[in-house]
Amino acid sequence: MYRGRTTLSKFLIEQLHEVTDDGQLAGLLIDVAAAVKTIAAMTAKGGLGGYLGAIDNTNVQGEVQKKLDVLANDAVIGSCEWGGMLAGMLSEELEDPYAIPAEYKRGRYLLNFDPLDGSSNIDVNVSVGTIFSVLVHDKETAPDTADFLQIGRRQIAAGYAIYGPATMLVLTVGKGTHGFTLDREVGNFILTHPDLMIPADTSEFAINTSNERFWEPPITRYVDECKAGKTGVRGRDFNMRWIASMVADVHRILMRGGVFMYPRDTKDPSKPGRLRLLYEANPIGFIIEQAGGAASFGRGPILDHPAQSPHQRVPVILGSKNEVERIERYHAEYDAGTDKPYASPLFQERSLYRSEA
Ligand code: AFP
């Protein structure tokens, strides 16, 4: 059927036989892939399936929920709760962790996920995605919230689905980053992009520039230099993209390089960033690092960032390694007060940011 083309199941069996011998992780990832197929079918129906629009509810993030947010959340839970691989789940759409119902066997893994990332794009037919992260729960007891608060380095698998012109599943089990394309006729994910690697250099950046007045100086400095192009210190012109669907921006960067920034800003000091650590920044950071890129919160790797609460937000700067390292250097120079002339009166209280992890 697929002469020379590996299916997801075959790939996982090959990749995981050295990592875990029980097939549980492969089984879990296949259950996640089944949920992705369900979500892909719903998003593909658009207005035909009655899936568009919002419902009269605000989620824990304070965001109005879209119908598909709820349906995608139900699809992941319904596909993964009963297989005996999971000890619990944490969803962007649920305030508290989801306990595996008593009638199902509890397993050894935790699944953190954003069922539908970019959902504000659903009604305008722009690509959206699902993001997931797998951790180990090595206790006999059911997990409590603290058991989900593990740093990103402890992930044993992570991935995302992108519901675009093609539906793709991009994942890592710690042995590189690999892309699978859904063959809709047959319903199989086929390995089409093995061993993805992000170019270390790029001339393309992604940021929501409407937030410029809220940025820290290192970001302003970096973006100003990109905009100055060949007339400035970078000596070459840059291009800008912003899809406002993290999965879509990240996928482009995986395919051709680039740097994605959703930095800390002063728009809402109670939120040190927009993106959530446990089910957006950590899984995407794992994917990016496994593809030779870098993923930073500006002052260190995302995967080393402490996890303090389930829906905690962090700054995110990721993509082509040399650009991310440059941006981290700009943060270090700012914190050291050596980044003249970018020190801004707006940020005189350097301790406001420097002390935070
Ligand atoms: P939604 O899921 O509310 O659409 O948010 C998507 C997202 O978390 C991330 O996927 C985007 O990169 C980012 O927000 C876009 O944020 P802005 O709308 O502020 O540009």
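These lines cover the structure that appears in this document, whether it is placed above or below. Here the structure is a predicted model, which means the values were calculated and not measured.

## Describing the pairing of strand β9 (residues 178–183)
Counting buried positions along β9 yields five of six residues, so the element is predominantly enclosed. With four bridges joining them, strand β8 (residues 167–172) and β9 adopt antiparallel strand pairing. Looking at β9, one finds that V170 is bridged to G179. Joining the antiparallel neighbours β8 and β9 is a turn of five residues, in which G174 adopts a positive phi near 90°. When β9 meets strand β10 (residues 188–193), the two strands line up antiparallel, connected through five bridges. If you follow L182 over to β10, its bridge partner there is F189.

## With respect to helix α5 (residues 217–228)
Here α5 contains twelve residues, and its C-alpha end-to-end distance of 16 Å stays within 8% of the 16 Å for a straight helix at 1.5 Å per residue. Along α5, nine of the twelve residues are buried, which leaves the element largely enclosed by surrounding structure. Listed in full, the buried residues belonging to α5 are P217, P218, I219, T220, R221, Y222, V223, E225 and C226. Elements that come into contact with the buried residues of α5 comprise β11 (204–206), β13 (259–262), β17 (316–319) and α8 (321–335). Remark: G229 follows α5 within two positions and exhibits a positive phi of approximately 55°.

## Let's talk about the sheet that holds strand β15 (residues 294–296)
Spatially, the five strands line up as an open sheet ordered β12-β11-β13-β17-β15, and their pairing is mixed. Two strands in the sheet have a free side with no partner beyond their single neighbour: β12 (239–240) and β15. The pairing of β11 with β12 spans two bridges and is parallel. Bridge assignment links F205 to a residue of β12, and that residue is M240. The sheet strands contacting helix α6 (residues 246–256) are β11, β13 and β17, and the helix crosses β17 at an angle near 30°. Set on the sheet, helix α7 (residues 277–290) makes contact with β15 and β17; between it and β17 the angle comes to about 25°.

## As for the site of the ligand
Neighbouring residues of the ligand: 15 residues in total, closest S120, N208, M246, Y262 and R274. Here an oxygen atom of the ligand and a side-chain polar atom of D117 are 2.9 Å apart. Its free accessible area being 480 Å², the ligand has 88% of it covered by the protein chains. Spatially, the ligand is embedded in the largest pocket. Of all the elements in the fold, those that place two or more residues in the shell around the ligand are β13 and β14 (275–276). Of the residues that constitute the shell around the ligand, the class distribution is six nonpolar, five polar and four charged. Three or more residues apiece are contributed to the shell around the ligand by two domains, here domain 1 (8–193) and domain 2 (204–336).

## Focus: the layout of surface pockets
In this structure, the largest pocket occupies an estimated 380 Å³ of space. Among the secondary structure elements, those contributing two or more residues to the lining of the largest pocket are β2 (64–66), β5 (109–117), α6, β13 and β14. Grouping the amino acids of the lining of the largest pocket by side-chain chemistry returns eight nonpolar, seven polar and eleven charged.

## Remarks on the sheet that holds β9
A sheet is described by the order of its strands in space; here eight strands give the open sequence β4-β3-β5-β6-β7-β8-β9-β10, paired in mixed fashion. The sheet is open, and its two edges are formed by β4 (98–99) and β10, each paired on a single side. As judged from the six bridges shared by strand β7 (residues 157–163) and β8, these two strands associate in the antiparallel manner. Pairing of A161 across the sheet is with L169, part of β8. Across the sheet, helix α1 (residues 8–16) touches β8, β9 and β10, and the angle it forms with β9 is around 155°. Contacts from helix α3 (residues 67–80) reach β3 (86–91), β4 and β5 within the one sheet, and its direction differs from that of β5 by about 155°.

## Examining α3
Counted at 1.5 Å a residue, the expected span for α3 with its 14 residues is 20 Å, and the 20 Å between its end C-alpha atoms agrees. Within α3 the residues assigned to the buried category are L68, D69, A72, N73, A75, V76, I77, S79 and C80. Close packing links the buried residues of α3 with α2 (24–45), β2, β3, β4 and β5.

## Focus: the side chain of H251
Mapped onto the secondary structure, H251 falls in helix α6. If sequence neighbours within four positions are ignored, H251 has contacts with Y160, I162, M168 and V170.

## Brief notes about the packing of α5 against α8
The description of two packed helices rests on the angle between their axes and on the distance between the axes. At a closest axis distance of 8 Å, the pairing of α5 and α8 adopts a crossing angle of 135°. Our classification of the angle between α5 and α8 gives oblique. Judged by the twist between their axes, the crossing of α5 over α8 is right-handed. Together, P217, P218, I219, R221, Y222 and E225 of α5 and E323, R326, I327, Y330, H331, E333 and Y334 of α8 make up the contact between the two elements. Residues of the contact of α5 with α8, tallied by class, amount to seven nonpolar, one polar and five charged.

The rules behind the values
- Residues numbered from 1 in each chain as written.
- Predicted model: local features only at pLDDT ≥ 70, side-chain atom pairs only at ≥ 80, totals over all residues.
- Heavy atoms only, no water.
- Buried < 20%, exposed > 50% of the residue type's maximum accessible area, 1.4 Å probe, protein only.
- Helix = DSSP H or I, 4+ residues; strand = E, 2+ residues; numbered from the N terminus.
- Pairing = 2+ DSSP bridges.
- Expected span 1.5 Å × (residues − 1).
- Contact = heavy atoms within 4.5 Å.
- Axes fitted to C-alpha atoms, helices over the stretch in contact; angles between N-to-C directions.
- Near = heavy atom within 4 Å.
- Polar contact = N/O pair within 3.5 Å; in protein donor to acceptor, adjacent residues only side chain to side chain.
- Areas by Shrake-Rupley, 256 points an atom, 1.4 Å probe, with all protein chains shown as cover.
- 1 Å grid on protein atoms, 1.4 Å probe; cavity = no way out; pocket = protein on both sides within 12 Å on 5 of 7 lines; lining within 4 Å.
- Sits in = over half its atoms within 2 Å of the grid points.
- Nonpolar A, V, L, I, M, F, W, Y, C, P; charged D, E, K, R; others polar.
- Domains from an automatic or database assignment.
- Points joined across faces, edges and corners; volume = space filled by probe spheres on them.
- Parallel < 35°, antiparallel > 145°, perpendicular 65-115°, else oblique.
- Left-handed = near helix turned anticlockwise from the far one by under 90°.

Scope: geometric values only; no functional claims are made or implied.
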